[in-house]
Amino acid sequence: MLIVLPPSETKAGGGRGAPLDLDALSLPTLTPIRRKLAEAIVSLADDHDASRKALGLGASATPEIERNAQLWTSPTRPAIERYTGVLFDALDYPSLSRAGKNKAIDRLAVGSALFGVVRAGDLIPAYRLSAGSKIPGFRTLAAEWKPALPEALAALGEDVVIDLRSGGYQQLGPVPDAITVTVLTEGPDGTRTVVSHFNKHHKGVVARSLIRSRKQVRDINSLAAIVADGGQRAEVASERELIVLTD
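Being a predicted model, the structure only gives us computed values, none of them experimental.

## Observations concerning the environment of Gln232
Along the polypeptide, Gln232 turns up in the loop between α11 (220-229) and β9 (233-238). Since its relative accessible area comes to 10%, Gln232 is described here as buried. Along the sequence, Gln232 and Leu108 sit 124 residues apart, while their C-alpha atoms lie 20 Å from each other. Residues in contact with Gln232, not counting those within four places in the same chain, are His202, Val205, Val206, Val227 and Val244. In terms of polar contacts, Gln232 uses its side chain to reach the backbone carbonyl oxygen of His202, at 3.1 Å.

Have a look at this one:
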């Protein structure tokens, strides 16, 4: 089983790993695209105004641009520790048991505009690049990733893939036959609306339930059972979509 998480704009700084080595990352067929994009954002960092425009940053975002400038020289840390924010707070990797952490490293991956997808244990630096970023001289990032990313993910040979990425990151590289999770709020009158602000929180809880459970995910029904065991309301919408309901 592979669980693909969305990335976060916020990232922990520092790290104790050696500088970025693209050849050491998982899914090595993606290395040429990773290198091209990495070189582009490092070069772009020389022009702060152009970087702000391309990355959709405000005037106070100089530290984010400096992270890109130092991409090849800054320390690295495992991806599961690099990404921060609501989803990763809910997943709460640091609180997992040793066995749980090993399981997380084995089963979790994170979508990335810069790297395509990285496994949880891949060593990466802090950086800034989003699915909607527009690098001068490039097509959209989806156009860069789509020819290679779906095939690379399929080549992993996982029997079940649970894709928790947001729409923008799913478009970078759709996973054939993946199970997706939609978070909806159900009102007192039964009406349902898409959750926006807390969407990542609930997906983080889903991921944590999957890591902590001893049950195997064989299909959408077994996934629903594990999510329910974790305290969430789960409803099967189709063979490939699970709905998580909140009040």
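What follows continues from the structure just given.
## What to know about unusual backbone geometry
Positive phi, normally seen in glycine, also occurs at Leu27, with a value near 55 degrees. Leu27 sits in the buried class, given a relative accessible area of 6%. Residues other than glycine seldom take positive phi values, yet Asp177 does so here, at roughly 65 degrees. Considering the arrangement of structural elements, one finds Asp177 in the loop between α9 (167-170) and β7 (179-186).

## Description of helix α10 (residues 199-212)
With 14 residues, α10 ought to run about 20 Å at 1.5 Å a step, and its terminal C-alpha atoms sit 20 Å apart, in line with that. Burial runs high along α10: eleven of the 14 residues are buried. Residues Asn199, His202, Lys203, Gly204, Val205, Val206, Ala207, Arg208, Ser209, Leu210 and Ile211 constitute the buried set of α10.

## Re the pattern of salt bridges
In the structure shown here, the tally under the stated rule is 13 salt bridges. The partner of Glu186 in a salt bridge is Arg192, with the nearest N and O atoms 3.1 Å apart. The class for Arg192 is partly exposed, based on a relative accessible area of 34%.

## Topic: the pairing of β7
Summarising the sheet, strand β6 (residues 161-163) and β7 pair through two bridges and their orientation is parallel. When the bridges of β7 are listed, Ile162 appears paired with Ile179. Strand direction decides the pairing type here: β7 and strand β10 (residues 241-246), joined by six bridges, are parallel. From the neighbouring strand, Thr182 faces β10, where its bridge partner is Ile243. As defined by bridge partners, β7 adjoins strand β8 (residues 192-194) across three bridges and the pair is classed as antiparallel.

## Description of the packing of aromatic side chains
Inspection of every chain in the model, using the stated rule, returns three aromatic pairs. Aromatic side chains Tyr83 and Phe88 sit 5.9 Å apart centroid to centroid with 20 degrees between the ring planes, which places their arrangement in the stacked category. Here Tyr83 matches Phe88 in class, with each residue buried. An angle of 85 degrees between the planes, with centres 6.4 Å apart, marks the rings of Tyr83 and Tyr127 as edge-to-face. One end of the pair, Tyr83, is in the loop between α4 (79-82) and α5 (86-91); the other, Tyr127, is in the loop between β5 (123-124) and α7 (141-145), with 44 residues separating them in the sequence. Each member of the pair, Tyr83 together with Tyr127, is buried.

Definitions and cut-offs
- Residues numbered from 1 in each chain as written.
- Predicted model: local features only at pLDDT ≥ 70, side-chain atom pairs only at ≥ 80, totals over all residues.
- Heavy atoms only, no water.
- Helix = DSSP H or I, 4+ residues; strand = E, 2+ residues; numbered from the N terminus.
- Buried < 20%, exposed > 50% of the residue type's maximum accessible area, 1.4 Å probe, protein only.
- Contact = heavy atoms within 4.5 Å.
- Polar contact = N/O pair within 3.5 Å; in protein donor to acceptor, adjacent residues only side chain to side chain.
- Expected span 1.5 Å × (residues − 1).
- Salt bridge = Lys/Arg side-chain N within 4 Å of Asp/Glu carboxyl O.
- Pairing = 2+ DSSP bridges.
- Phe/Tyr/Trp six-rings, centres within 6.5 Å; stacked < 30°, edge-to-face > 60°.

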